[in-house]
Amino acid sequence: MRVLVIGSGGREHALLLGLQRDPSVTELHAAPGNAGTASVATNHAVDVASAEAVVALAQQLAADLVVIGPEVPLVLGVADALRAAGIATFGPSAAAAQIEGSKAFAKDVMAAAGVRTARAEIVDNPADLDAALDRFGPTWVVKDDGLAAGKGVVVTPDRAAARAHAADCLEHGHPVLLESFLSGPEVSLFCLVDGDTVVPLLPAQDHKRVGDGDQGPNTGGMGAYTPLPWLPQAMVDRIVDEVCKPVAAELTKRGTPFNGLLYAGLAVDDEGPAVVEFNCRFGDPETQAVLELLESPLGEALNATATGTLAQLAPLQWHPGAAVVVVLAAENYPSTPRTGDVIVGSDGEGVLHAGTKLDADDRVVSAGGRVLSVVGRGADLAAARAQAYERLAAVKLPGAHFRTDIGLAAEQGRISL
């Protein structure tokens, strides 16, 4: 198979490395890719939000499969255009991608499917904001109703901070979603979905806050680990049966079947799983950890999903042990990150590129907020953490920062249901 992966982050680098391990994949292309993907695939400069440009590239390469990484091209209908051109595509239609593109749509789907989620209220008029805020708290959850690259959510006990975020969203013409706060540890569960067929991957946990101990503002994700030693298989089965399968069935019932990767972000409390959010694509950085443990051929699994044959796919096999990914972020991230600095050690083992590019002298330089993600694998969480941080120590980037506690609470047995 000739495979084209759309996107430029750590998630796409991980997908390409996973595809490279599949003997059925003979040729890899990335659009636009980054400095790291250039070593495993041919990079192509293309506007990923342009359906026309992506289709033209896929046709030019005679791609057998296109895998769309980020949410923006999916919400804009790039997968629809590729399928209309007869190209097998992993990624949902624009209509199904609204499960991420519109939180209001997601809430409507969950209500119809009987899926447990936070109580929510949409505010689209600044005049209604204060009265709505009074109906929530003492911890406020305020979400931008559109796509916000993982940074559109504020969770705070401070009413003024909640109000400021909501007012800012409204000022930019975006409705806001106020939600009741869900307690309990968070879980990210990825499922391959082909209509009503749902195949779960390993559950992971993302670390959203910028600082150790879950301090500071939300980011796109500072690290993740898999599997979750505190989450019994019976609870994973409940998530699939009570959340993922009903949502997939509801989307099919509406005439917009989902095809691709459905990501359920959940909180698990004493009542069971409750949905925090859905995404319509592989999550970053969880993908880097989950795919590190996948033993089955990735290309085969993605192609089966894209071609409507997921139900015939052999059960997925996983390496034993654990995987941990730690994100190295640029100075000032998640605010305005510093870019253009030379990175030393970016070609090390387990180092995946996200915000990188080659400068005029062919040096790898920082080009985004989350610059690299470093993966460790081991017999257990402690060994995987040790390897990830050992590998990270060999990477140098001026002013960069990272969390030192990815997976630590789970390793120390401090998370339980």
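Preceding this section is the structure that the text describes.
The present account deals with the structure reproduced in this document. (Residues numbered from 1 in each chain as written. Predicted model: local features only at pLDDT ≥ 70, side-chain atom pairs only at ≥ 80, totals over all residues. Heavy atoms only, no water.)

What follows is about the side chain of Ser-346. Secondary-structure assignment places Ser-346 in the loop between strand E18 (322–329) and strand E19 (351–353). Aside from chain neighbours lying at most four places away, what touches Ser-346 is Val-351, His-353 and Val-364. (Helix = DSSP H or I, 4+ residues; strand = E, 2+ residues; numbered from the N terminus. Contact = heavy atoms within 4.5 Å.)

We now examine the pattern of salt bridges. By the definition in use, this model includes 25 salt bridges. Between Arg-116 and Glu-271 there is a salt bridge whose closest N-O contact spans 3.8 Å. Of this pair, Arg-116 sits in the loop between helix H6 (103–113) and strand E6 (120–123) while Glu-271 sits in the loop between strand E16 (259–269) and strand E17 (272–279), and the two are 155 residues apart along the sequence. Exposure remark for Glu-271: the relative accessible area of 57% places this residue in the exposed category. Through salt bridges with shared partners, a single ionic network connects Asp-108, Glu-250, Lys-253 and Arg-254. (Salt bridge = Lys/Arg side-chain N within 4 Å of Asp/Glu carboxyl O. Buried < 20%, exposed > 50% of the residue type's maximum accessible area, 1.4 Å probe, protein only.)

Strand order in this open sheet of four strands is E11-E10-E16-E17, and the pairing throughout is antiparallel. Edge positions in the sheet fall to strand E11 (197–200) and E17, since each of these pairs with one other strand and no more. Strand-to-strand twist across the sheet, computed as the mean angle between neighbouring axes with direction ignored, equals 35°. Sheet topology note: the strand E10 (residues 186–194)/E16 ladder contains nine bridges and is antiparallel. (Pairing = 2+ DSSP bridges. Axes fitted to C-alpha atoms, helices over the stretch in contact; angles between N-to-C directions.)

Below, the discussion takes up the packing of H6 against helix H9 (residues 233–253). Where H6 contacts H9, the two axes come as close as 9 Å, and the packing angle between them is 105°. The pairing of H6 with H9 is recorded here as roughly perpendicular in orientation. Contacts between H6 and H9 involve Phe-105, Val-109, Met-110, Ala-112 and Ala-113 from the former and Pro-246, Val-247, Glu-250 and Leu-251 from the latter. Broken down by class, the residue content of the contact of H6 with H9 amounts to eight nonpolar, no polar and one charged. (Parallel < 35°, antiparallel > 145°, perpendicular 65-115°, else oblique. Nonpolar A, V, L, I, M, F, W, Y, C, P; charged D, E, K, R; others polar.)

For the structure shown, the criterion picks out one cavity of 30 Å³ or more. Roughly 40 Å³ of volume is contained in the largest cavity. Taken together, Leu-192, Leu-201, Phe-282, Leu-291, Leu-294, Leu-298, Ala-301, Leu-302, Leu-316 and Trp-318 make up the full set of residues lining the largest cavity. Sorting elements by how many residues they give to the lining of the largest cavity places helix H11 (residues 298–306) first, with three residues. (1 Å grid on protein atoms, 1.4 Å probe; cavity = no way out; pocket = protein on both sides within 12 Å on 5 of 7 lines; lining within 4 Å. Points joined across faces, edges and corners; volume = space filled by probe spheres on them.)

Pairing in this open sheet of five strands is parallel, and the strands run E3-E2-E1-E4-E5 from one edge to the other. Of all strands in the sheet, those bounded by a partner on one side alone are strand E3 (42–43) and strand E5 (89–90). Pairing of strand E1 (residues 2–7) with strand E2 (residues 27–32), which is carried by six bridges, proceeds in the parallel orientation. When the sheet's bridge partners are listed, Gly-7 is paired in E2 with Pro-32. Against the sheet, helix H1 (residues 10–20) touches E1, E2 and strand E4 (65–68), its axis set at about 165° to E1. Its contacts with the sheet put H11 on E4 and E5, and the angle it makes with E4 is roughly 95°.

On to the nonpolar core, then. Within the largest apolar cluster, 74 residues are counted, with the highest numbers of intra-cluster contacts made by Leu-4, Val-66, Leu-82, Ile-99, Val-243, Val-247 and Phe-278. Top element by residues in this core is H9. It accounts for nine residues. Once you skip the residues sitting within four places of it in the chain, Val-247 turns out to touch Ile-99, Val-109, Met-110, Ala-113, Val-115, Leu-262 and Phe-278. (Core = buried A, V, L, I, M, F, W, Y, C linked by side-chain atoms within 4.5 Å.)

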